[in-house]
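Listed below, chain by chain, are the residues.
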Number of protein chains: 2
Amino acid sequence: MANQKITSRNVDFAKWYTDVVSAAKLCCYSNVKGCIILEPYGYAIWEKMQSVIDSMLKQSNHQNVALPMLIPENLMKKESDLINGFAPEVAWVTQGGSEKLDEKMCIRPTSETLFSDYYSGIVKSYRDLPIKYNQWCTVVRWEKETRPFLRSREFWWQEGHTIHATKEEAMEEVNFVMENIYKKFFYDYLAIPAITGLKTEKEKFAGADYTLTIEALMYNGVSLQSGTSHYFGQRFSKAYDIKFLNKNNEWENAYQTSFGVSSRMIGALIMVHSDDDGLVLPPKIAPLQTIIIPIGSAPEVLNLALKIKDQLESKNISVSIDDSSKSPGFKFAAAEVKGIPVRIEIGSRDLENGHITLVRRDTKEKITVEKDSDISLEVQTLMEKIQTNLLTRATKRRDEMTYTAKTFKEVQEIMDKNPGFIKASWCGKSECEEKMKEIKGLKSRCILKDEKLISDKCVVCGKEAHDLVVWGIQY
Amino acid sequence: MANQKITSRNVDFAKWYTDVVSAAKLCCYSNVKGCIILEPYGYAIWEKMQSVIDSMLKQSNHQNVALPMLIPENLMKKESDLINGFAPEVAWVTQGGSEKLDEKMCIRPTSETLFSDYYSGIVKSYRDLPIKYNQWCTVVRWEKETRPFLRSREFWWQEGHTIHATKEEAMEEVNFVMENIYKKFFYDYLAIPAITGLKTEKEKFAGADYTLTIEALMYNGVSLQSGTSHYFGQRFSKAYDIKFLNKNNEWENAYQTSFGVSSRMIGALIMVHSDDDGLVLPPKIAPLQTIIIPIGSAPEVLNLALKIKDQLESKNISVSIDDSSKSPGFKFAAAEVKGIPVRIEIGSRDLENGHITLVRRDTKEKITVEKDSDISLEVQTLMEKIQTNLLTRATKRRDEMTYTAKTFKEVQEIMDKNPGFIKASWCGKSECEEKMKEIKGLKSRCILKDEKLISDKCVVCGKEAHDLVVWGIQY
C-alpha cells in the first residue's frame, strides 16, 4: 500500500486538512452520522493531551469525578438560558428498553445542570468550599455540519465545574484556568501562540456572566475557538439551590465557574503546524518522538539501532524501530506523514564513515552525528529546538496575519486579501458586531482587556469605542 | 461532622455495603434514576485500576481507540442474537434537537456491532491482522434494580475487541486476556483470589461461541461475575462482512474476540476486604497509601511529619499529612474509613521516647519504629505485608466457603447453612442447570476444565456427568 497523496495546503486547504487526518490515520468517519472514530494514533495524541492537562488540574487541586451522561428534561429546564441555548442541538432519549419514558432525558451537551444538582446536595458550609471537580467524558451536540475534530456530534473533552464562597475567588479561578492551564498548555506543549480574552455578550456561553476564551489562528488565517472558561456568578446556584452557611452564619448562594477544552485541539495542532507531507507534531505532544530506520539488514546496522533505542529509552524518549520489509523511501514518508519529530537513519555506508543521520520533521534538515556519540543527548537537544522552532514559526505567522484597522473600509480591504486576526476598536453595541458579519462572516473572537485601543472610535459606527476587539472568521 | 456510623457486616451485609460506600465517599446516587456519581475517592480508585490494566493491555500490543456512543438500529440488528439479548435493556435516542430521527439509535450497551462495522472497512489482508483495539468508556443498560458499583444504568468499563487471521490465535487471545491480564490483576493488585472458567451455554454472552469468566467470592458467600472474555468465531465477521485475503489469496472471514472489566470491580474490592470500620484497600490499588497524623502542633512533630513525607515521596509512596484541626481520634477513624493502608502517628510524647507509630489498616496492628530510621523502608515492607496478607486472608476465606457436593440434597444442606462456591458435577443439560435455581437461585458460575470431577454423576439428575461446575448465588 503506497502512502496516500496529500493535496497541497496552498491549493485547497480544506482538502489538505482531511487528507492529513486520513493519511496520518488520526480518525475516520463512522457509520453513525456525524460521529467520528478516534483511531489509535489520534487517540494516542488525545491521551497525551489528557495526561498533561490532567496533571496540571490535579496540581492546582482539582479532582476528577464522573457524572451520568443523561440529564432528565426537568433538571435541564431549571436554568432557562441553558436549555434555550442547547435545546436545538441535544439528542433525546425517550425510550428505555421497550418502554416509553415518563420523562425524556438528553445526552449531556455539557454538565452544568448535573454538577449544580450534585453540588446542591453536598455543600453545607463555607468550610466545604471551594469544590473544584473535573470530568473527562464525551458530550453530544446534534450538529448539522461536521468536520473531523472541529465539529462532530460527539466529541471528547474535559469539563471543570467549581463552586466558591466568594465572587473574587470564583473569578480568580476562571482566570487561573485560562491563563495558567490552557494558555500555558497551548504555548508550552502544543507550541501554539493562542490569544486569550473576553467573549462579547453575544458570543459568551448561554447562562454565563462572562466567558474567557482561547483563540488560535490556523495556517489559512481562520480562527479556532479552542477552549473557554466561564463565570456564572450565582445564576446556577440560585436555580439549583446551592447554598452554604458563610462565615457570618448566613445562607449564601455559591459562586460558580466551568471550563473546558476538547479533542478540537487536535484540529488546531494539525492546522497550525502541519505541511504538505503530513502531520508535524511538537515533541512534547508526539505519541512517538523518534523513529529509527535501519537501511538494509546488516547486523551492525541493526545492532546500532537497538543500542540507540536503549539510549533513548533510558532518557524517556519514546522510540520505535521500523524494521519492516518496506523500502527506506516508503518508511521516510510514513514517518513524515505521522509527524514523528526526529527520524534516525542508519545505513551501512554511513556507518563505514562513522556516522548516522538525524532528520528533523519540522525543517527537514539533516544532521550528521558521530555514530559512537551519545545519540540521546543529540536527540534531546534537537527535540528542544523543534519544540521552540514550532512556536517561533507559528508566532511569526500569527503576527504576520494579525492586522489593525480603524475603519470598516480598512477591514474590508484586509479581508479582500488575507483573512487573519483583525484588531479594531468597538463601541460595545451588538448592531456593530452584527454588521461586521457582512464581511465574510467576521465575528468578534475576544476583547483584549490589557491592550490599548487602536482608535478611540468604533470601527463600524465611528462612535466612542470602549473595547479593543480581535475579529476573525471562524471554524 | 462526625464520622458516619457503619452497620456491622455480620448484622446486615447489604446495609454494611452501602454504609461503607457512603462513608468512604466512593459514589452517591444522582437525580438521574439508576445512575451513580463517582465521587473523587471512588474515581481515584477507578483511575488506579485503569492505569494498571491499560498498561497491561498496551504491553500486550493492544491499542486504544474511541468509537461513537450511539448505534443506529439497523447496525445493531445485523447480528440478531445480540439485539435479542440487549433489546430489553437499551436506551433509545429517537429525537435530535427538535426533529424526530428517521432511524432510532441506542446508546451502546456494548460495542461489538460498532467495532465489527469499523473493522469491515479497514481490513484487507492477513498482513493487517491481528487488530487488537480497546476502548475505555461508559455503557448504558436499562436495569430495573440497581446497586452502587454492582449494577447501575450507566457504568465505566474497558471493552477490548480483536480480530485475527486464525481461530487458534483468536482463542489464544481470549485465554490470554483472562489468565494473564484479568486474573493476574485480581491476584496481584486487587488481592482477590478470583476463579476463572468457562460459562455454560445458558450463561454465556449473547452471540458468543463461548465465554470465559472471572468470578470472585464476596465476604458473605455471594459470587460476583467480575469480567468476561468472549470468543465469537466468525459470527460477527459474517454478519458485518469482515473479510481478509489469507495467505492462500482467498477471502476469509476474520476470527473475533471481545473482553471487558468494569467499575463493578470496586464493589468486589469492598465486599472482599473491607470491615466494620470501613474500606480496606490493597496498597497497590489505594489512591493514597499512607497518611501521617501529627498529634498536637509542636514544631518537632510537624517537622518530622514533613521529613517523613519527603522520604516516602522519594520512594514513590503516596502520602498526605492530616494537619487539620480535628481531634486525633477523628482523624484515625477518617483514615480507617478510607482504607488507607498505613497510618503514621507522630506524637510529642512518643518523640521524647524516640519513636513513632505505624498502624496497619488490615490488622490494626501497631508497630513502633525508631524516629530516626528510614521510615520509607519500614513502610515499604509493611505495604508488601499488607498486600500479601489481604490475598492470603481472602484465599483462606474463599477456601473455607468452597464446598463440594455429590447430590442435590447435599447442595441444599450446604446452602441451608452458608452460601459459597459449590463444586459439583453436571451432565451438561440445561434442565439440570435450571433445577439448581430452586435452591436459593443457585446458578452455574463457571465450568472448571482442568479439575477432576467430584463425582461421575450429575448432581441433579444422577446421569453421566461431563463437567465440573462451580455453582453460586450471584449479585
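Residues numbered from 1 in each chain as written. Chains lettered and ligands numbered in written order. Predicted model: local features only at pLDDT ≥ 70, side-chain atom pairs only at ≥ 80, totals over all residues.

Per the secondary structure count, chain A includes 14 helices and 23 strands. In summary, chain A has a C-alpha radius of gyration of 25 Å against a globular reference of 23 Å for 475 residues, a match within 12%. Considering only residue pairs separated by 6 or more positions, chain A has 69% of its internal contacts joining residues 24 or more positions apart. (Helix = DSSP H or I, 4+ residues; strand = E, 2+ residues; numbered from the N terminus. Rg over C-alpha atoms; globule rule 2.2 N^0.38 Å. Contact = placed C-beta atoms within 7 Å.)

Turning our attention to the domain arrangement of chain A. Annotation of chain A at the domain level lists domain 1 (13-69 + 112-273), domain 2 (290-382) and domain 3 (402-472). Averaged C-alpha coordinates put domain 2 of chain A and domain 3 of chain A at centres separated by 49 Å. (Domains from an automatic or database assignment.)

Counting 289 residues, the largest nonpolar core has L190(A) and L190(B) as the members making the most contacts within it. Ignoring anything within four residues of it in the chain, the contact list for L190(A) reads F185(A), M265(A), A268(A), L269(A), P282(A) and I285(A). (Core = buried A, V, L, I, M, F, W, Y, C linked by C-beta atoms within 7 Å. Buried ≥ 20, exposed ≤ 12 C-beta atoms within 10 Å, placed from the backbone.)

Moving on, we get to the relation of the copies chain B and chain A. Expressed as a screw operation, the relation of chain B to chain A combines 0.0 Å of axial shift with a rotation of 180 degrees, fitting to an RMSD of 0.0 Å. Read as a symmetry element, the transformation amounts to a two-fold axis. The rotation axis passes nearest to the C-alpha of V93(B) in chain B, at a distance of 2.1 Å. In this assembly the copies share their binding face: 100% of the residues contributing to the interface of chain B also contribute to that of chain A. (Least-squares fit on C-alpha atoms with pLDDT ≥ 70 in both.)

Residue and element names in this part refer to chain A. In space, the five strands of this open sheet follow the order β16-β15-β17-β18-β19, with mixed pairing throughout. Strand pairing shows two members of the sheet lacking a second neighbour, β16 (319-321) and β19 (366-370), which therefore form its edges. Between one strand and the next, the sheet's axes are offset by a mean angle of 25 degrees, whatever the strand orientation. Summarising the sheet, strand β18 (residues 355-360) and β19 pair through five bridges and their orientation is antiparallel. Bridge assignment links T357 to a residue of β19, and that residue is T368. Against the sheet, helix α9 (residues 299-314) touches β15 (290-295), β16 and β17 (342-347), its axis set at about 170 degrees to β15. Contacts from helix α12 (residues 375-400) reach β15, β17, β18 and β19, with the element oriented near 20 degrees to β18. (Pairing = 2+ DSSP bridges. Axes fitted to C-alpha atoms, helices over the stretch in contact; angles between N-to-C directions.)

Taken residue by residue, the interface counts 38 residues in chain B and 38 residues in chain A. For the side of chain B that touches chain A, the secondary structure elements donating two or more residues are β2 (36-38), α2 (40-59), β3 (63-64), β4 (70-72), β5 (91-96), α5 (112-122) and β8 (154-164) of chain B. Of all the elements, β5(B) adds the most residues to the side of chain B that touches chain A, at six residues. Within the side of chain B that touches chain A, the residues separate by chemical class into 23 nonpolar, 10 polar and five charged. The pairing of strand β5 (residues 91-96) of chain A with β5(B) spans five bridges and is antiparallel. Pairing of V93(A) across the sheet is with V93(B), part of β5(B). (Nonpolar A, V, L, I, M, F, W, Y, C, P; charged D, E, K, R; others polar.)

With that out of the way, let us pick up the environment of K437(B). Residue position: K437(B) is located in the loop between α14 (430-436) and β22 (443-448). Distance in space between the C-alpha atoms of K437(B) and G472(B) is 9.7 Å, their sequence separation being 35 residues.

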